[in-house]
Amino acid sequence: MSSKRRLAVVGGRSIAGLAGIAIAVGAVTAAVLVPWPSYSVTPVAQKVVPVPTDAQRVCPGPILALAEDATQATAASSIGSASVTAAAASGEPAPEETGLDAPDNAAADSDGGPTLVTVPAAADAAEPPLVAASQAQVASTDTQSGLAVAACTEAVPDAWLVGGSTEIGRTTLVLLTNPSSVLATVDLAVYGESGPIDAPGSTGILVQPKSQRVVSLAGLAPDVTSPVVHVTASGGEVAASLQQSTVRGLEPGGVDIVGPTADPDTTALIAGLTVSSSTAADPAAQPGAEEGYSDEQPGLRLLVPGDTGTQATVSVVGEEGTPGTSFTVDLEPGVSVEAPLTELGSGAYTVRVEADQPVVAAARSAVSGNSGRDFGWFTASSPLTDEPTLVAAAAGASPVLHAWNPSGEDATVVLTSTRGTTRELDLPAATALSFGIDAGAGYEISDAAGIVASIGYEASTRLASFAVNPVGGLAAPVTVYTR
């Protein structure tokens, strides 16, 4: 091929290549500048709003004793019946009370067992009905003596029980009540003054539907001075509580039923810790200084359940201007600590615990007199919210509402009795006060956002308390996408 022809061919190919490139560039430019047709599909979704169900509270049932039958040393049996006070909000149906099975209570047929209190939800209700209940019982036997008052609580999958002891002369029972219609499987994690306790038999505890299981804490953690129990449930949810009774030598030293304390948080708040003149101040001059009486003095039990220790700051402030105290406590992870409050004089107090790690807490106090002894546990509670809260004051010694306003602003709380009376309670900023209420009545507490409250009972040889907590809200709406 001649050079001219070869040049012509090469040139033609080059021109054709350049033309192709130009066409490609033009096509890309057109694709960028000219909008492409689009197509989109909106996913099929449905917003599911939880429907309010019946409001329920579970009462733990009567006081139990071990070995009442000499042929069954570990069997539990009740020593009488508990009296339940239930209330519903204005306009709601009257609460319904249903007895639950108590197979571990040998005397349940005569004394009854735990009680399920229910207020049915209206078909068109946007919110669940308000219901509250509490129970009270006075024990007076050779081994059990004192007043036990407990709030009837919601069943939950997770709860912390701070209280009790398994030292000599102390009996502590864990009460697990399943009000649901499905089987609940419960695990108990026990902590003590030496750290977490490896307790065979503490996991996989089966609680049948509509029934209660009773577990002796001494069988899981014997000779523990300051136990803390973490209750977790799967399947059905449970209402958990502790029952502690004490015998000092041959003399009964009191009985109490302890409900769940507030969940682990960097701040724990206890309202209404009551210190009796019989056990207040100057412990060296009191019977509580004798061996075996140390837990008759006021004290605060603390636990940091995580993996990191902390230093907690404890502030104790008296109601009506009563002098308090403050101190710090070093907490190791998983180790319960009992901090004495022996400097306090007689009166009612609020307790604030602050730390940089979540803690759980409860306080203990006692009374003594010529006609007997008793003690009470005071659990931490959550501040009330903007939503009304309903409480029921069980019949017992004269009940008192302890209300604490920890905020920097004055508050006026409205207290409306189910018997038709309304009161306004003035609570100055950073102040705690006590207000007498009627035994056997229900009360709706409103305009109480941020207030910490409890209901307490004190007589010469009777002491008891339970925390007032806000109502658990509805679950959040869920958006479901169809695939």
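Residues numbered from 1 in each chain as written. Predicted model: local features only at pLDDT ≥ 70, side-chain atom pairs only at ≥ 80, totals over all residues. Heavy atoms only, no water.

- Under an unreviewed UniProt entry, the name given to the chain is DUF5719 family protein, and the organism recorded is Leifsonia stereocauli.

Let's talk about the overall build of the chain
At step 1: Of the regular secondary structure elements, the chain holds 3 helices and 34 strands.
At step 2: For the chain, the residues scored as buried account for 46% of the 483 residues in total.
At step 3: Excluding contacts between residues fewer than 6 apart, the proportion of contacts in the chain whose partners are at least 24 apart in sequence is 77%. (Helix = DSSP H or I, 4+ residues; strand = E, 2+ residues; numbered from the N terminus. Buried < 20%, exposed > 50% of the residue type's maximum accessible area, 1.4 Å probe, protein only. Contact = heavy atoms within 4.5 Å.)

Observations regarding the sheet that holds strand 30 (residues 431-436)
At step 1: On the basis of which strands lie adjacent, the open sheet formed by 4 strands has the order 30-27-32-33 and antiparallel pairing. With one partner strand each, in any of the chains shown, strand 30 and strand 33 (462-468) form the two edges of the open sheet. Sheet twist, expressed as the mean angle between neighbouring strand axes with direction ignored, is 20°.
At step 2: As paired elements, strand 27 (residues 399-405) and strand 30 share 6 bridges and run antiparallel to each other. Of the residues in strand 30, the one forming a bridge with L401 is F435. (Pairing = 2+ DSSP bridges. Axes fitted to C-alpha atoms, helices over the stretch in contact; angles between N-to-C directions.)

Comments concerning the sheet that holds strand 15 (residues 211-216)
At step 1: If you trace the 4 strands from one edge of the open sheet to the other, you get 15-11-17-18, paired in antiparallel fashion. Taken across any chain shown, the strands that pair with only one partner, and hence form the sheet edges, are strand 15 and strand 18 (251-258). For this sheet, the mean inter-axis angle between neighbouring strands, taken without regard to orientation, is 20°.
At step 2: Here strand 11 (residues 170-178) pairs with strand 15 via 6 bridges, running antiparallel. Residue N178 lies in a different strand from strand 15, and its bridge partner there is S211.

Here we look at the nonpolar core
At step 1: With 32 residues, the main nonpolar core has V174, L176, V186, L188 and V231 as its most contacted residues.
At step 2: If one sorts the elements of this core by residue count, strand 12 (residues 184-192) sits on top with 5 residues.
At step 3: If we ignore the near neighbours within four places in the chain, the residues touching V174 are L161, L188, R213, V214, V215, L217, S241 and L242.
At step 4: Counting 29 residues, the second largest nonpolar core, distinct from the first, contains L147, F435, A441 and A448. (Core = buried A, V, L, I, M, F, W, Y, C linked by side-chain atoms within 4.5 Å.)

A short note on the side chain of E319
At step 1: Within the element layout of this structure, E319 appears in the loop between strand 21 (310-318) and strand 22 (325-331).
At step 2: For the buried E319, no salt bridge exists, and the shortest N-O distance to an oppositely charged side chain is 12 Å, to R423.
At step 3: At 2.9 Å, the side chain of E319 and the side chain of H402 are in polar contact.
At step 4: At 2.2 Å, the side chain of E319 forms a polar contact with the side chain of S434. (Lys, Arg positive; Asp, Glu negative; His and termini not counted. Salt bridge = Lys/Arg side-chain N within 4 Å of Asp/Glu carboxyl O. Polar contact = N/O pair within 3.5 Å; in protein donor to acceptor, adjacent residues only side chain to side chain.)

Notes on the pattern of salt bridges
At step 1: Counting across every chain of the model gives 10 salt bridges.
At step 2: D295 is paired through a salt bridge with R248; the nearest N and O atoms lie 2.8 Å apart. Taken together, the residues span a long stretch of sequence, with D295 in the loop between strand 19 (265-275) and strand 20 (299-303) and R248 in strand 17 (residues 239-248) at a distance of 47 residues. Per residue, the accessibility class of D295 equals that of R248, and both read buried.
At step 3: A salt bridge links R301 to E338; its shortest N-O distance comes to 2.8 Å. In this pair, R301 is assigned in strand 20 and E338 in strand 23 (residues 337-340), connecting sequence segments 37 residues apart.
At step 4: A relative accessible area of 2% places R301 in the buried class.

A few points about the environment of T328
At step 1: Looking at the element boundaries, T328 is found in strand 22.
At step 2: A relative accessible area of 46% means that T328 is categorised as partly exposed.
At step 3: If sequence neighbours within four positions are ignored, T328 has contacts with Q311, A312 and T313.

What to know about the state of the cysteines
At step 1: A full pass over the atoms with the stated rule returns 1 disulfide.
At step 2: With a sulfur-sulfur separation of 2.0 Å, C59 is cross-linked through a disulfide to C152. Because the torsion about its S-S bond is 100°, the bridge between C59 and C152 counts as right-handed. Residue C59 is located in strand 2 (residues 55-59), and its partner C152 is located in the loop between strand 9 (145-151) and strand 10 (158-162); the two are separated by 93 residues in the primary sequence. (Disulfide = S-S within 2.5 Å.)

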